[in-house]
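# Structure at a glance
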Amino acid sequence: MEKIVECNKICKNFQMGEVTIDVLKGIDLTIKKGEFVSIMGPSGSGKSTLLYLIGGLDKATDGTILVNNKELSVMKDKEQSILRRRDIGFVFQFYNLIPNLNVEENILLPILLDGGKLKDYKEKLDKILEVVGLKDRRTHKPRELSGGQQQRVAIARALINEPDLILADEPIGNLDSKTGTEIMELFKKINREQGKTIVQVTHSREAAEYGTRIVNLLDGKVVET
Ligand code: ADP
Ligand code: MG
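Position numbers for residues start from 1 in each chain and track the written sequence from start to end. Starting at A for chains and at 1 for ligands, labels are handed out in the order in which the entities are written. Selection of residues for local features in this predicted model requires a pLDDT of at least 70, selection of side-chain atom pairs for listing and counting requires 80 or more, and totals for whole chains, interfaces and linings are taken over all residues.

## Here's the deal with the overall build of the protein
Applied cut-off: Where helices and strands are cited, they refer to DSSP runs of H or I of at least four residues and of E of at least two residues respectively, numbered from the N terminus. As defined in this context, the radius of gyration uses C-alpha atoms, and a globule is described by 2.2 Å times the residue total to the power 0.38. With C-beta atoms placed from the backbone, the exposure class of a residue follows from how many other C-beta atoms lie within 10 Å of its own: 20 or more, buried; 12 or fewer, exposed; in between, partly exposed. Once C-beta atoms are placed from the backbone, any two residues with those atoms within 7 Å are in contact.
When helices and strands are counted, the protein shows 7 helices and 9 strands. Here the C-alpha atoms of the protein give a radius of gyration of 17 Å, agreeing with the 17 Å that 2.2 N^0.38 yields for 225 residues. With respect to the three principal axes, the spread of C-alpha positions in the protein is 50 × 40 × 40 Å. For the protein, the residues scored as buried account for 38% of the 225 residues in total. Partitioning the contacts of the protein with sequence separation of at least 6, the portion at a separation of at least 24 is 70%.

What follows is the structure in structure tokens.
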């Protein structure tokens, strides 16, 4: 199988005044196209940091990361952000929706940011709303939706550019267990039926088991995969 993510000896430290915090201490991790990987580990072990580095939202202190054979961190800002929006979809614990935009506008945000027009995406939007089960909510504002529905909007937004890779940081961390299960079923469907590669960070063993592989982080290293 083709590789989609390749992390080589990733180190990340944060400088806090005089103090250096070594968060990641040499991570080697390869993810193949079509995998559904769950990253687990104690709070503060660097799970979010690793996910953000893979997604190009932050830069590693050392080591290289390739996504689709491209090294995001060496690209110019503009080139990087275009590629990031095209190749990678992000899902966060607190949904990160724009409160004054409705469901369709939130989903189309990555397209609108690249100069696309809402009217050209109606058909695609219909398909995605069907996938995430929100066909009857397209003009609702985030505050009019439940947490689970808001996360479905965020997942739809992550899918709109048809990226190969979806990165999800604690996607069910703010949801009750029944809703969490429904969201995990949705990720499983997206992985199986659309072949999307998914990398999720999770605290929950049950959620992690939805993945095809579990990667454990401890003290800045991958301890078991
Ligand atoms: P996890 O997601 O596994 O709970 P994080 O990746 O969020 O862990 O954080 C790992 C460590 O890095 C923590 O000690 C955290 O305080 C520190 N850290 C994360 N981001 C920053 C930052 N921007 N500046 C300073 N320290 C940070
Ligand atoms: Mg985290």
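## A short note on the nonpolar core
In plain terms, the rule: A set of buried Ala, Val, Leu, Ile, Met, Phe, Trp, Tyr and Cys residues, joined to one another through C-beta atoms within 7 Å, is what we call a nonpolar core.
Counting 58 residues, the largest nonpolar core has Ile54, Ala156 and Leu167 as its most contacted members. Counting residues per element, this core draws most heavily on helix α5 (residues 147-159), at 6 residues. Leave out the neighbours within four places in its chain, and Leu167 touches Leu51, Ile54, Gly55, Ile88, Phe90 and Val199.

## Section: the site of ligand 1
For clarity, the cut-off: By definition, a residue lies near a molecule or strand provided its backbone-derived C-beta atom is within 6 Å of it. Three classes are used, and their members are as follows: Ala, Val, Leu, Ile, Met, Phe, Trp, Tyr, Cys and Pro are nonpolar, Asp, Glu, Lys and Arg are charged, and the others, Gly among them, are polar.
Residues in contact with ligand 1, as listed here, are Phe14, Met16, Ile21, Val23, Gly41, Ser43, Gly44, Ser45, Gly46, Lys47, Ser48 and Thr49. For the shell around ligand 1, the secondary structure elements donating two or more residues are β1 (3-16), β2 (19-32) and α1 (47-54). For the shell around ligand 1, the class distribution of residues is 4 nonpolar, 7 polar and 1 charged.

## Focus: the environment of Lys188
Checked against the element boundaries, Lys188 lands in helix α6 (residues 177-194). Here Lys188 falls in the partly exposed class, since 15 other C-beta atoms lie within 10 Å of it. It is 12 Å that separates the C-alpha atoms of Lys188 and Val132, two residues lying 56 residues apart in sequence.

## Examining the sheet that holds strand β7 (residues 197-201)
Note the threshold: Strand pairing requires that DSSP identify at least two bridges connecting the strands. To get an axis, a line is fitted to the C-alpha atoms, and for a helix only the part in contact is used. The angle between two axes follows their N-to-C directions and goes from 0 to 180 degrees.
The sheet built from 6 strands is open, its strands ordered β5-β6-β7-β3-β8-β9 with mixed pairing. What marks the edges here is a single partner per strand, and that holds for β5 (88-91) and β9 (221-224). If you compare each strand with its neighbour and ignore which way they point, the axes differ by 25° on average. Where strand β8 (residues 213-218) and β9 come together, 3 bridges link them in antiparallel fashion. Following the sheet pairing, Asn216 is matched in β9 by Glu224. Sitting on the sheet, α1 touches β3 (36-40), β6 (165-169), β7 and β8, and the angle it makes with β7 is about 150°.

## Description of the UniProt feature "domain: ABC transporter" (unreviewed entry) in the protein
What counts here: UniProt positions are given in the numbering used here, feature names are shortened, and annotations may be inferred rather than shown by experiment.
UniProt marks residues 5-225 with the feature "domain: ABC transporter" (unreviewed entry), using the numbering shown here. Overall, residues 5-225 shows 34% helix and 28% strand. The separation of its end C-alpha atoms is 15 Å.

## A word on helix α4 (residues 122-132)
Put simply, the rule reads: The directions from the helix axis to the C-beta atoms are what the arc is built from.
Among the residues of α4, Leu125, Ile128, Leu129 and Val132 are the ones counted as buried. Considered in projection along α4, the buried side chains sweep an arc of 105° and stay on one side of the axis. Along α4, exposed side chains directed more than 90 degrees from the buried face belong to Glu123, Lys127 and Glu130. Looking at the buried side of α4, the elements it contacts are α3 (103-113), α5 and α6. One or two positions beyond α4, positive phi appears at Gly133, with a value near 75°.

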